[in-house]
Every structure is written in C-alpha cells, then in structure tokens.
Amino acid sequence: MSKLFACSIGMLLLAATAMAAPIVLPNNSAVYFQYNNLEQFSAANNLVVPAGYAPAAGTQGNWGVLNVTNMQLGGISTPHTDISGGPTFFADDGPGGTQGMITGIFYGIQVATPTTARGGVLDLFWHEAGADTTLGATLAAEINCLSGATCGPNPSTVSAFASGTFLVRLRLASGIINGDSLTTISSSTTPTINGSGQADGFASVDLAAGGPWAQAMNGDFFFVDSNGNGTFGESSELRDLRFSTFFNGLQAWSGTANGGPDSVNTGAIGLRSNDPARVFTTPEPGSLGLLAISVTALGFCIRRQRRV
C-alpha cells in the first residue's frame, strides 16, 4: 500500500499545481477577448508612465491600462484575417467572484502621424479569485475604477493593473497597412478630448519574456503583407493577435492643458476604449492538460498495484 500511497500523493500534488496555475487558454482554438482601456495620448511623444513599472521607463505617445472583461470561444469568420466572438468561457465577475481577473499595461507606443503609431508593448497579468480586489473591494468600486472615475493616471493605478502573475508580453507589430513595415497602429481619426474613433493593429508574442500564455498565444494565425509585394503570410508576415480599438475622450485622464487633472503629463489627451482582440492558440497542452495527465497516471498506479 505504501507504493500506491506515494504514487497517489505525487499525482495529486501535480494536479493541485495544475489547478493553482493561471486560467488556461483552450488549445488549438480561436479565442475572442474583450477588454476596457484607460489611456493617454500625445502626438508630442512626451508622456511618462507614472513611476512603478520599470519596463515602461522613458517617454511615449500612448500608454494605458486595461482589464479583460471576458473571453469567448471564437469562430473563424475569414481565415488568417479575422475571428468572431462566440460562447463565453471566462468573465470577470468582480471582487469575491469565482473567475479571477486579468489586467494589463501597454506602453512604448510612439506616435508617427496623428493617425499612425509605431512600436508598443502589452503585458498581461493574472489575479486569482479571492485576490482580485486590486481595482476595488466591491464590484461597484471596480466599475468606478474602470470608468476612470477613481483610477487616474497615477502610480497607484499603474501598480494595481501591472501586478499579479505575469501571463505574457505582446509586442505590437506591423501589417495593419499593406506595404508599411513600421506602423503598428492605424486610427480612423486623430484622438481628441471630445472625439471618438477606431484604431487597429497586430501583435506577436515575445517568447523571450516567458509567461504561461506565451506558447499558447504563439499561433501565427494572421497573415499580413508588410513588405507590399502582394503575398500575405510570408515568413516575416505572421502575427499572433489582432486588435480593434473603439475610443472616446476621457476628461479624467487628460492633462491640465486640456482641462484635465494631470499636472505631470500636462498635454495628455485622456481616452477610454473598449477593445476586442483575437488570437488562435497553439495545440500545446496547458495546465488542464497537465491535470488530465496526472489523473491518467494515478489510474495507472492503481491498476499496477492491483496486479501485484
């Protein structure tokens, strides 16, 4: 019995490790994300991310924080071009809920023209259920934060959104404009404090940064033509994610020069946006696969013990 006991404990510990990991993305599947942004924009590229997140050091033309509201099993509306939404498998149900929370910070975006930008990085973080009170202790407090009413462009906001278990680093990539190998974001209009618009772009996983979502998101699903030769999806023209941003002016995140409260980034235009992002995951198993392996191994141990 001692061998069976030892085997059982080992397998159960493996299973417990799997269940304690961040939420696992479904394998080999189209996934559709929705999330809310709070951000700042300045064509002068002189914005400073409030102290507290070292990778965002320096100045940029656009930075912000986000919260993933839900993730859906998507459908492939156009192969290698777009993914549509579908049944929800994760939804942020607020502090005290059972789903946990996903937050993030984006930075390093340099404005090239009033409607295009280059570069940019997005980091995502996981907060376990029960530890998802970083944006507020109640659902009402979290909603107020995400509206920009209580979470402003300051160090405490950066600390709240850029904390938790690191999931993945995404680097914005070219391809949104055919034949343009530099532009990573293209907007329908110049952001203004009283205006609204839409922006689009692509991103690829930074595998060197690691994280439990890095391999899963490295699907190379989207084909672009950044060199403009008319052929999509060449070796350097594969992208992992596609973003669409629908933005509106947000006075509470604007600088003093634009009638807002921010006396550090005085020329900032505050924005609030609702974005869908799309990715096709790789076939690699994640923690749920690890759990299945552990249960199968436990069954093998039991059968072996019975034969002895």
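Residues numbered from 1 in each chain as written. Predicted model: local features only at pLDDT ≥ 70, side-chain atom pairs only at ≥ 80, totals over all residues. Heavy atoms only, no water.

Scanning the entire structure with this criterion turns up 3 salt bridges. In this structure, the salt-bridge partner of R171 is D206, at a minimum N-O distance of 2.9 Å. Taken together, the residues R171 in strand β11 (residues 165-173) and D206 in the loop between β13 (196-205) and α4 (214-217) connect sequence positions 35 residues apart. Residue classification places R171 among the partly exposed positions, given a relative accessible area of 40%. Of the residues examined, D206 reaches a relative accessible area of 14% and is grouped as buried. (Salt bridge = Lys/Arg side-chain N within 4 Å of Asp/Glu carboxyl O. Helix = DSSP H or I, 4+ residues; strand = E, 2+ residues; numbered from the N terminus. Buried < 20%, exposed > 50% of the residue type's maximum accessible area, 1.4 Å probe, protein only.)

Here we take up the pairing of strand β8 (residues 101-113). Pairing of strand β4 (residues 62-73) with β8 involves 5 bridges; the strand directions are antiparallel. Following the sheet pairing, N62 is matched in β8 by I109. In the sheet, β8 pairs with strand β9 (residues 116-118) via 3 bridges, with the strands oriented antiparallel. Note that in β9 the partner of V111 across the bridge is A117. Between the end of β8 and the start of β9, which pair antiparallel, lie 2 residues. (Pairing = 2+ DSSP bridges.)

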